[in-house]
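Residues per chain, in single letters:
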Amino acid sequence: MSQTLRTGKWIDRFLRLNAWLIFAFFYIPIFVLVIFSFNGSSRVTVWGGFSTRWYPAVFENQQILSALKNSLIVAGISTVVSTILGTSVAIAIDRYRFKGRKALDGAIYLPVIIPDVTMAVMMLAFFAQVFRLIDSFGPRFQLGIYTIAISHIAFNISFVAVVVKARLGQLDPSLEEAARDLYASGWLAFRRVTLPLILPGVLAGALLALALSLDDVVISGFVNGSGGTTLPVYVFGAIRRGVSPELNAISTLMLLASTVLVLTSLFLQRDPKSKQP
Amino acid sequence: MAAVELEAVTKRFDNFVAVDNIDLEISDGEFFSLLGPSGCGKTTTLRMIAGFEFPTAGRLSIGGREIGLDPPNKRPVNTVFQNYALFPHMNVLENVMFGLLMQKVPKDQARDAAAKAINSVKLEALLNRKPNQLSGGQQQRVALARALVNEPKVLLLDEPLGALDLKLRQEMQSELKSLHSEVGITFVYVTHDQEEALTMSDRIGVMSEGKLLQVDDPTRIYEHPAKRFVADFIGEINLIEGSVDSSGTVRLGDEVIACASPAPSGSQSVTIALRPESIDLTVENERIGGAMNQIPGIVARRTYFGDSHSYDIETSGGTLSIRRDNRPLNTIFDPGQPVTVSWHPDASNLLED
């Protein structure tokens, strides 16, 4: 027994080295990005000494500020709406037996797995058809930040639903029955027992939705129209004109924001049982 | 008046019949147990009384009022769940107050009533604990207090002792029994544990495959089972085939025996049920007085159980398992030894299938 374990010495070493290589692979580009965001020189590839000047510059750039505002509006709307809809879908799938439940349960993963580009083309084609329909009644609609918001809602619902469903799966269904048994109406049983218990899952889903919405570039780039530029779309456009230290600074800030969101989301998704001292 | 009444109640899930045409009347203040193996329909029956499931057919009344389709929150019953189902985000006091607050009892009144209920299950020191800080037995008590504080007409208990260890289970059994006589509420108790049912219940209903096979007090259920399943499910028992002749005389092998009831007319064979502890063993040809059944046999096997010996005795009618307490001076029989097997006619029950 111990003999076979000892022959794994080289494999052991290799696996340990591999882990370090993977860490390096993940984090060296991030380090480069962060370090060069503090580059005093305006030429990206040349180190011109440490400076924080690009950070204030980011907040003086009107284009960046307006893109940031668009991003926050889109993220805010899509997070709130997709959290409510995604949670409802998760509860419907988990708690009720209805026709097409299994199909819906599978379909909910679809936006998670289909490529962003496909999703983007889909949404664009969809909006084109809808606009044609609406325009025939008079009003004229155009692509803009609300079409971005709708598109983000479309994929965020799935992410929220998947996270909330996982939480519901850990919940003992007899808790809701106990509440009903103790004279709570269906709504009160949800409000006083189910919702407080799945709330960490709901918040985790919301933070994930927020992060995904703030990070999305492909779908937003397709359905933004004029004046609907979000921050990632701006960065993507600007980078084609050349990488500037300013972009490094924005990217570092976005990295920071989404890291905080995802870490908080993961923290909230922890198994509640492991919280015990 | 009947506390709970089921008339021809059936529950079907798609093609599966969980509860099959049950008639049952549970009287006011009774401790009634539904006993059966898992999947027999006992829990579904309880869930229909609670309102978590609705009957596919039949009538269901509580306290004389038909409530077949009322939601659980409109029924004068409360449930103690198998895993207690205490609300993990509320402390003991909040858990117990929940039902009262939902019934719109003013908050301070609810707090007083809840505190009293918690006192009665001796948990007053743990008011502010969360359920995950309590032991299994303490959680069990909170679940009881949370249900009883509402003073329901009927308390439903779904295998409430299943998760406790043996010693605690026995303690809770006697506590439940005394709680029942204290509060005077009708208890409907679901269990697969025959000992629990026998020790606590006023009456037991034995279920199998959705059917209610026999409803009787514990003594009759144990000593005079009506059906083969009931006899076999509860305790150990010898089930042996006997023959019946045209005059209705029952024979076990070559020996004529007397039974608790006459053989059904026209039958040629019957199943005879005989508890191992109701059979006596004596040395060969030693006759016992009274109207006992006595047949010869040979000891095939002896097993030591500490407090008793178990014997397999071969007779002309088949092998009988016999249990004899170990008391000083009791004869120990050896394998191969010829013996006389005897029992009172009342101990041999004829069973329907």
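Computed from a prediction, not measured in an experiment: that's the story for all the values here.

Explain the overall build of chain B to me, using residue names and the numbers behind them.
Check the secondary structure of chain B and you find eight helices and 20 strands. In terms of overall dimensions, chain B has a C-alpha envelope of 80 × 45 × 35 Å along the principal axes. Taken over 353 residues, chain B has a buried fraction of 49%. Excluding contacts between residues fewer than 6 apart, the proportion of contacts in chain B whose partners are at least 24 apart in sequence is 66%. With an accessible surface of roughly 16200 Å², chain B has 47% of that area assigned to carbon and sulfur atoms.

Which residues make up the nonpolar core, and what values go with them?
In terms of nonpolar packing, the biggest core is built from 52 residues, with Val193 of chain A together with Val4, Leu6, Phe87, Phe98, Val154 and Leu156 of chain B touching the most fellow members. The dominant element in this core, judged by the number of residues it contributes, is helix H10 (residues 186-215) of chain A, at seven residues. When near neighbours in sequence (up to four residues on either side) are disregarded, Val193 of chain A contacts Leu175, Ala179 and Leu188 of chain A together with Phe87, His89, Met90 and Phe98 of chain B.

Report on the pairing of strand E6 (residues 77-80) of chain B, specifying residues and quantitative values.
Residues and elements named next belong to chain B. Where burial is concerned, the two faces of E6 agree: the one with Val77 and Thr79 and the one with Asn78 and Val80 are both buried. In terms of strand pairing, E6 meets strand E7 (residues 154-158) through four bridges, oriented parallel. Note on E7: the bridge partner recorded for Thr79 is Leu156.

Now, about the domain arrangement of chain B: what can you tell me, with residues and values included?
Residue and element names in this part refer to chain B. Under the domain assignment, chain B is made up of domain 1 (2-232) and domain 2 (236-351). With 10 residues of domain 1 at the contact, the number on the domain 2 side is 11 residues. Summed over both partners, the interface of domain 1 with domain 2 comes to about 850 Å²; 46% of that surface belongs to carbon and sulfur atoms. Counting the contacts that link domain 1 with domain 2 gives one salt bridge.

Can you break down the pairing of strand E17 (residues 308-315) of chain B residue by residue, with the values?
Residues and elements named next belong to chain B. Taken across its eight residues, E17 has six buried, putting it largely inside the fold. Across six bridges, the pairing between strand E16 (residues 293-304) and E17 is antiparallel. Bridging across to E17, Tyr304 finds its partner in His309. Taking the residues that link successive antiparallel strands as the turn, the E16-E17 hairpin has three residues, and the phi of Gly306 there is positive, at about 85 degrees. Following E17, the chain reverses through two residues before pairing antiparallel with strand E18 (residues 318-325).

Account for the interface of chain B and chain A, with residues named and values stated.
Many authors give the size of an interface as the accessible area that is lost as the parts come together. Contacts between the two partners involve 26 residues from chain B, matched on the other side by 18 residues from chain A. Roughly 2000 Å² of surface becomes buried between chain B and chain A when both sides are summed, with 61% attributable to carbon and sulfur atoms. When the buried surface of chain B facing chain A is broken down by residue, Asn73, His89 and Met102 of chain B rank first, second and third, together holding 29% of it. Counting every contact that joins chain B to chain A gives one salt bridge. Glu177 of chain A is paired through a salt bridge with Arg47 of chain B; the nearest N and O atoms lie 2.6 Å apart. Here chain B and chain A share eight residue pairs in polar contact (both at pLDDT 80 or more) between them. Put simply, the parts of the chain that give the side of chain B that touches chain A at least two residues each are helix H1 (42-50), E6 and helix H2 (92-102) of chain B.

Break down the packing of helix H4 (residues 62-95) of chain A against H10 of chain A for me, with residues and values.
When two helices pack together, their arrangement is given by the angle between their axes and by how far apart the axes lie. Residues and elements named next belong to chain A. Where H4 meets H10, the axes come as close as 8 Å, and the angle between the chain directions of the two elements is 135 degrees. Between H4 and H10, the interaxial angle falls into the category oblique. The element H4 and its partner H10 pack so that their crossing is right-handed. Residues Ser71, Leu72, Val74, Ala75, Ser78, Thr79, Ser82, Thr83, Thr87, Ile91 and Arg95 of H4 form the contact with H10, whose own contacting residues are Phe190, Thr194, Ile198, Val202, Ala206, Ala209, Leu210, Ser213 and Leu214. Here the residues of the contact of H4 with H10 sort into 11 nonpolar, eight polar and one charged.

Can you break down H1 of chain B residue by residue, with the values?
Residue and element names in this part refer to chain B. The buried count for H1 comes to seven of nine residues, which makes it a mostly enclosed element. Among the residues of H1, Lys42, Thr44, Thr45, Leu46, Met48, Ile49 and Ala50 are the ones counted as buried. One or two positions beyond H1, positive phi appears at Gly51, with a value near 100 degrees.

Give a detailed account of the sheet that holds strand E14 (residues 269-274) of chain B, specifying residues and quantitative values.
All names here are of chain B. Taken in spatial order, the five strands line up as E13-E12-E11-E14-E20 in an open sheet, and their pairing is antiparallel. Each of the sheet's edge strands pairs with one partner strand only, and the pair in question is strand E13 (255-257) and strand E20 (349-351). Between one strand axis and the next, the sheet turns by 45 degrees as a mean value, whatever way the strands run. Sheet analysis places strand E12 (residues 250-252) next to E13, joined by three bridges and oriented antiparallel. By the bridge assignment for E13, Arg251 is matched with Val256.

Hey, could you go over the side chain of His180 of chain B for me, with residue numbers and the actual values?
Relative to the assigned elements, His180 of chain B resides in helix H5 (residues 166-183). Those residues in contact with His180 of chain B that lie beyond four places of it in its chain are Gly29, Glu30, Phe31, Ile185, Phe187 and Asp202 of chain B.

Quick rundown of the pattern of salt bridges? Include the residues and the values.
Per the stated rule, a full pass over the model turns up 20 salt bridges over all chains. Measuring nitrogen to oxygen at the nearest pair gives 2.8 Å for the salt bridge that ties Arg59 of chain B to Glu66 of chain B. Among the residues examined, Arg59 of chain B registers a relative accessible area of 39% and is labelled partly exposed. The residue Glu241 of chain B makes a salt bridge to Arg228 of chain B at a minimum N-O spacing of 3.7 Å. Pair noted here: Glu241 of chain B is in strand E11 (residues 238-244) and Arg228 of chain B is in helix H8 (residues 228-233), with a separation of 13 residues, a long-range link. Overall, Glu241 of chain B belongs to the partly exposed group, its relative accessible area being 44%. Overall, the relative accessible area of 31% leaves Arg228 of chain B in the partly exposed class. Linked through salt bridges whose partners overlap, the residues forming this network are Asp94, Arg95 and Glu176 of chain A.

Criteria and cut-off values
- Residues numbered from 1 in each chain as written.
- Chains lettered and ligands numbered in written order.
- Predicted model: local features only at pLDDT ≥ 70, side-chain atom pairs only at ≥ 80, totals over all residues.
- Heavy atoms only, no water.
- Helix = DSSP H or I, 4+ residues; strand = E, 2+ residues; numbered from the N terminus.
- Buried < 20%, exposed > 50% of the residue type's maximum accessible area, 1.4 Å probe, protein only.
- Contact = heavy atoms within 4.5 Å.
- Areas by Shrake-Rupley, 256 points an atom, 1.4 Å probe, with all protein chains shown as cover.
- Core = buried A, V, L, I, M, F, W, Y, C linked by side-chain atoms within 4.5 Å.
- Pairing = 2+ DSSP bridges.
- Domains from an automatic or database assignment.
- Buried area = accessible area lost by both parts, 1.4 Å probe.
- Salt bridge = Lys/Arg side-chain N within 4 Å of Asp/Glu carboxyl O.
- Polar contact = N/O pair within 3.5 Å; in protein donor to acceptor, adjacent residues only side chain to side chain.
- Axes fitted to C-alpha atoms, helices over the stretch in contact; angles between N-to-C directions.
- Parallel < 35°, antiparallel > 145°, perpendicular 65-115°, else oblique.
- Left-handed = near helix turned anticlockwise from the far one by under 90°.
- Nonpolar A, V, L, I, M, F, W, Y, C, P; charged D, E, K, R; others polar.

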